[in-house]
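Residue-level listing of the chains:
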Amino acid sequence: MKVIDYNRPSLRGAIQVPGDKSISHRSVMFGAIAEGTTTVEGFLLGEDCLSTIDCFRKLGVQIDVDGTNVKIESAGIDAWEEPKEVLYTGNSGTTTRLMLGILSGTNLHTIMTGDASIGKRPMRRVVDPLRQMGAQIAGRAGGQYTPLAIQGTELQAIDYTMPVASAQVKSAILLAGLRAKGTTIVRESEVSRDHTERMLRQFGAKVDVTEGVVSFEGGQKLVGTHVKVPGDISSAAFFLVAGAIAKDSEVVIENVGVNETRDGIIDVLTAMGANMSMMVEGETVAEPTATITIRTSHLHGTTIEGAIIPRLIDEIPILALLATQANGQTIIKDAEELKVKETDRITAVVTELKKLGADIEATDDGMIINGPTPLQGGSLKSYGDHRIGMMAAVAALITDEPIQLDDAECIAVSYPTFFEHVHSLIVR
Ligand code: S3P
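Some points on the site of the ligand
Near the ligand, the surroundings consist of 13 residues, among which Ser22, Arg26, Ser166, Asp314 and Lys341 are the closest. Asp314 places a polar side-chain atom, nitrogen or oxygen, 2.7 Å from an oxygen atom of the ligand. Within the contact set of the ligand, an oxygen atom lies 2.7 Å away from a side-chain nitrogen or oxygen of Lys341. Contact with the protein chains hides 95% of the accessible area of the ligand, taken as 390 Å² for the molecule alone. Elements that contribute at least two residues to the shell around the ligand include exactly α1 (21–33), α3 (93–104) and α6 (167–177). No other element matches α1, which puts 3 residues into the shell around the ligand. The residue makeup of the shell around the ligand, split by class, is 3 nonpolar, 4 polar and 6 charged. Shared between two domains, the shell around the ligand holds at least three residues of each, these being domain 1 (2–19 + 230–427) and domain 2 (21–228).

Here it is in structure tokens:
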């Protein structure tokens, strides 16, 4: 249990958040599939991304980690070894789901499993389309849950219309499509993060993307390259909210990835009246980055729904905290996907913020928050979910009493230096 006792500080100064989790995972996956050397700069040393590295090492790929620089040497996917051990994906849904797509088209037998949270997360959303491509996957409850056994085989391309907006599902199909015969097509009604499409191009593949339809020819070879990972906007989100709600604050966050499939939080902060400015700097991995400055803000409620949801799905816990400090009502809907994240984030957010005195109710597909309400301290649970843990820690910046947080260690899944960054900004 961690006692977080900040005593209502101001936050002032600049930070650089760690590398983007989605892009860090993919840099290792693509580097392992590609022939040649891939160098990665700004890699996220979070537990989830380390799980991805661990899995590829078990497949015989040579990966050297030197601080946030990672070097992957591979003779290509056909040179991978059949692992003698189970591939352990830890808490990482991205590792588990994308690896399913990658491994289905190899000539290897592999078994994958993860932690207790992974064991409850639905895998049929990936397994079903992969089976339509010819994949041989066996697992608990017909392949819904880990452990999963994959017998790699030849795959056929698929034309797949996504039933849910999920970049993990889209990416698993696209990665399987790399090895499939024919043209793989994925159709999205709401556009999810597009890092896989961007990275396929960066590693030399030809991909067409038009109005929510991604298509590309199977059998294309990837070639090793250099990947510069921008800071993770989903990690920056905690400091954007912290800067907006802590008293007399000004926080500068440098090198934040602002890919338009990820930056929904910027639109919401703007709609809520945040005192914020943003300077877009340029592209890394064809991923735009920006320096964002946020100051203590007078906020008002808003409605968050529809196509913006996939653009901020991971930010909803911290946006819920923000809404408790905004004037009026905030409604979050169309976000039932929250129920199948690292924990059920609708229940977790509502239960924990209520303990602090927030006026918040769960709905079937989101939550309704009335503000502003002063928050008090208390004992909170992270549910082993990094983003719930960080939401609790940011709440502690505006409570008079401390917050006791169980399993604060889970924050290392995506942001190992989170508490150091909070401390570096605190002024009294
Ligand atoms: C991710 C996609 C999202 C997101 C997750 C990372 C990715 O999940 O919540 O943190 O890297 O592709 P879904 O695909 O389940 O929406």
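Now that the structure has been shown, the text picks up again.
A look at the packing of α1 against helix α7 (residues 195–202)
Between α1 and α7, the least distance of the axes is 10 Å, while the angle of their chain directions is 40°. Between α1 and α7 the crossing geometry is right-handed. Contact residues: α1 offers Ser22, Ile23, Arg26, Ser27 and Phe30, while α7 offers His195, Thr196, Met199 and Leu200. Here the contact of α1 with α7 is composed, by residue class, of 4 nonpolar, 4 polar and 1 charged.

Some remarks on the environment of His298
Its place among the elements puts His298 in the loop between β19 (287–295) and β20 (303–304). The spatial distance from the C-alpha of His298 to the C-alpha of Leu108 is 56 Å, given a sequence separation of 190 residues. The residues contacting His298, other than those within four sequence positions of it, are Met272 and Gly273.

What about the domain arrangement of the chain?
What the domain assignment lists for the chain is domain 1 (2–19 + 230–427) and domain 2 (21–228). For domain 1 versus domain 2, the separation of C-alpha centres amounts to 29 Å. The interface of domain 1 with domain 2 comprises 28 residues on the first partner and 27 residues on the second. Both sides of the domain 1 and domain 2 interface together cover about 2,300 Å² of buried area, and 50% of this is carbon and sulfur.

Here we look at the sheet that holds strand β7 (residues 109–113)
Here we have 4 strands laid out as an open sheet, ordered β6-β7-β9-β8, and mixed in their pairing. Looking at which strands have only one partner, the edges of the open sheet turn out to be β6 (87–88) and β8 (136–139). Strand direction decides the pairing type here: β6 and β7, joined by 2 bridges, are parallel. Along β7, the bridge assignment pairs Tyr88 with Thr113. Across the sheet, α3 lies against β6, β7, β8 and β9 (145–151), angled at about 15° from β9, the strand it touches most.

As for unusual backbone geometry
Residue Thr146 is joined to Pro147 through a cis peptide bond whose omega torsion reads 0°. On the secondary structure map, Pro147 appears in strand β9. At the junction of Gly371 and Pro372, the peptide bond is cis and its omega measures out at -5° in the coordinates. Not every positive phi belongs to a glycine, and Asn7 is a case in point at roughly 60°. Relative to the assigned elements, Asn7 resides in the loop between β1 (2–4) and β2 (10–16). The backbone of Ala141 shows a phi angle near 50°, a positive value even though the residue is not glycine. For Ala141, the position within the fold is in helix α5 (residues 140–143). Relative accessible area serves as the criterion here: at 55%, Ala141 is assigned to the exposed category.

About the criteria used
- Residues numbered from 1 in each chain as written.
- Predicted model: local features only at pLDDT ≥ 70, side-chain atom pairs only at ≥ 80, totals over all residues.
- Heavy atoms only, no water.
- Near = heavy atom within 4 Å.
- Polar contact = N/O pair within 3.5 Å; in protein donor to acceptor, adjacent residues only side chain to side chain.
- Areas by Shrake-Rupley, 256 points an atom, 1.4 Å probe, with all protein chains shown as cover.
- Helix = DSSP H or I, 4+ residues; strand = E, 2+ residues; numbered from the N terminus.
- Nonpolar A, V, L, I, M, F, W, Y, C, P; charged D, E, K, R; others polar.
- Domains from an automatic or database assignment.
- Axes fitted to C-alpha atoms, helices over the stretch in contact; angles between N-to-C directions.
- Left-handed = near helix turned anticlockwise from the far one by under 90°.
- Contact = heavy atoms within 4.5 Å.
- Buried area = accessible area lost by both parts, 1.4 Å probe.
- Pairing = 2+ DSSP bridges.
- Buried < 20%, exposed > 50% of the residue type's maximum accessible area, 1.4 Å probe, protein only.

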